[in-house]
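# Summary of structural features
One-letter residues, chain by chain:
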Amino acid sequence: MKTVAHRQDIISEELPYAAERLTVHAHWMAFILLAGEGGKITFKAHYSSSDIQGLVARALNKDVDKINADLIGDFMREYCNLTAGVIKARLADVGINTGLSIPIVTRGFDEIWRMDRDISNEIISIDAWHLKWPSGSVICTMAARADVWAAAQDLKDPTTDNGSESDMEFL
């Protein structure tokens, strides 16, 4: 997000995840699904339009008053695509092939799309983190199911990767 939004002051804080309660995060949610033979991963970004409008303006090099709901939705769908693309590439590095859904933006301020509400006990990992900057924030959640998470334990920590910066274009 720091690179995409041209902000180095974004911090990430881990959030405790409470499966027994529905948590209200924000009034919009962007999400994407990664799925393959080994299971599925759902990545979600919860946000408020007013919180993210300035971030989108900065990322797109536009005035804040020119940022509308369509641009915000496009930005968040692209953020989901980029995040899922990194996850997909890292999974491929350890032999897990996945496909991606198209990212969706919807009014979905709580965890109604939670994977752990399925009739299953195959959830291996549910993580949540809060991206914050001085004028706003985004809450991200990710749930991995079945063999995906077990095999992904071999993934490299991206913060220790000595490779070059990504040449990925955004919007």
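For the structure itself, look to the data block above.
Summary of the structure given here. (Residues numbered from 1 in each chain as written. Predicted model: local features only at pLDDT ≥ 70, side-chain atom pairs only at ≥ 80, totals over all residues. Heavy atoms only, no water.)

## Here's the deal with the overall build of the protein chain
Broken down by element type, the protein chain carries four helices and seven strands. The order of helices and strands in the protein chain, counted from the N terminus, is α-β-β-β-α-α-β-β-β-β-α. Scored against the burial criterion, the 171 residues of the protein chain give a buried share of 39%. In the protein chain, of all internal contacts separated by at least 6 residues, the share reaching a separation of at least 24 is 69%. Just so you have it, the protein chain exposes about 9700 Å², and 50% of that area is on carbon and sulfur atoms. (Helix = DSSP H or I, 4+ residues; strand = E, 2+ residues; numbered from the N terminus. Buried < 20%, exposed > 50% of the residue type's maximum accessible area, 1.4 Å probe, protein only. Contact = heavy atoms within 4.5 Å. Areas by Shrake-Rupley, 256 points an atom, 1.4 Å probe, with all protein chains shown as cover.)

## Let's talk about the nonpolar core
Across soluble globular proteins, nonpolar side chains have a tendency to be buried as a group. Ranked by size, the top nonpolar core spans 34 residues in total, and within it Met1, Ile52, Leu55, Phe75, Met76, Tyr79 and Val138 carry the most contacts. Contributing elements (two or more residues each) for this core: α1 (2-5), β2 (28-36), β3 (39-47), α2 (49-60), α3 (69-93), β6 (123-133) and β7 (136-146). With nine residues, α3 is the largest single contributor of residues to this core. (Core = buried A, V, L, I, M, F, W, Y, C linked by side-chain atoms within 4.5 Å.)

## Considering the environment of Pro103
Locating Pro103 in the fold gives a position in the loop between β4 (99-100) and β5 (104-106). In the structure, Pro103 is positioned 26 residues away from Arg77 in sequence and 5.3 Å away in space, judged by C-alpha atoms. If we ignore the near neighbours within four places in the chain, the residues touching Pro103 are Phe31, Ile32, Arg77, Cys80 and Asn81.

## Let's talk about the packing of α2 against α3
To characterise two packed helices, one gives the angle between the axes of the helices and the distance between these axes. Two numbers describe how α2 lies on α3: the axes approach to 10 Å, and their chain directions differ by 75°. Put simply, α2 runs roughly perpendicular to α3. Contacts between α2 and α3 pair Ser49, Ile52, Gln53, Leu55, Val56, Ala59 and Leu60 from the former with Leu71, Ile72, Phe75 and Met76 from the latter. Along the lines of polarity and charge, the residues of the contact of α2 with α3 split into nine nonpolar, two polar and no charged. (Axes fitted to C-alpha atoms, helices over the stretch in contact; angles between N-to-C directions. Parallel < 35°, antiparallel > 145°, perpendicular 65-115°, else oblique. Nonpolar A, V, L, I, M, F, W, Y, C, P; charged D, E, K, R; others polar.)

## Describing the packing of aromatic side chains
In this structure the tally under the stated criterion is two aromatic pairs. Between Phe43 and Tyr79 the ring centres are 5.9 Å apart and the planes differ by 65°, which places this aromatic pair in the edge-to-face class. Pair noted here: Phe43 is in strand β3 and Tyr79 is in helix α3, with a separation of 36 residues, a long-range link. No difference in accessibility class separates Phe43 from Tyr79, as the two residues are buried. Ring-pair connections join several aromatic residues into one group, and the members of that group are Phe43, Tyr79 and Trp129. (Phe/Tyr/Trp six-rings, centres within 6.5 Å; stacked < 30°, edge-to-face > 60°.)

## Some words on the environment of Val64
One can find Val64 in the loop between α2 and α3. Spatially, the C-alpha atom of Val64 lies 5.8 Å from that of Gly54, the residues being ten residues apart in sequence. Ignoring sequence-local partners within four residues, the contact set of Val64 consists of Gln53, Gly54 and Ala57.

## Remarks on α2
Relative to the 16 Å expected for twelve residues at 1.5 Å per residue, α2 spans 15 Å between its end C-alpha atoms, a close match to the ideal helical length. Two residues or fewer past α2, Asn61 is found with a positive phi of approximately 55°. (Expected span 1.5 Å × (residues − 1).)

## A short note on the pairing of β3
In summary, the side chains of a regular strand alternate between the two faces of the sheet. Burial analysis of β3 places eight of its nine residues in the buried class, which makes it a mostly covered element. A loop of two residues connects β2 with β3, the two strands running antiparallel in sequence. (Pairing = 2+ DSSP bridges.)

## Considerations on α3
Turn by turn, an α-helix covers 3.6 residues, leaving residues three or four places apart pointing in a common direction. When the terminal C-alpha atoms of α3 are compared, their 36 Å separation across 25 residues agrees well with the 36 Å that a helix rising 1.5 Å per residue should span. Among the residues making up α3, those that are buried are Ile72, Gly73, Phe75, Met76, Tyr79, Cys80, Leu82, Thr83, Ala84, Ile87, Arg90 and Leu91. A distance of 3.1 Å separates the backbone nitrogen of Asp70 from a side-chain oxygen at the start of α3, and that oxygen is part of Asn68. Looking at the residues trailing α3, positive phi occurs at Gly95, about 85°. (Polar contact = N/O pair within 3.5 Å; in protein donor to acceptor, adjacent residues only side chain to side chain.)

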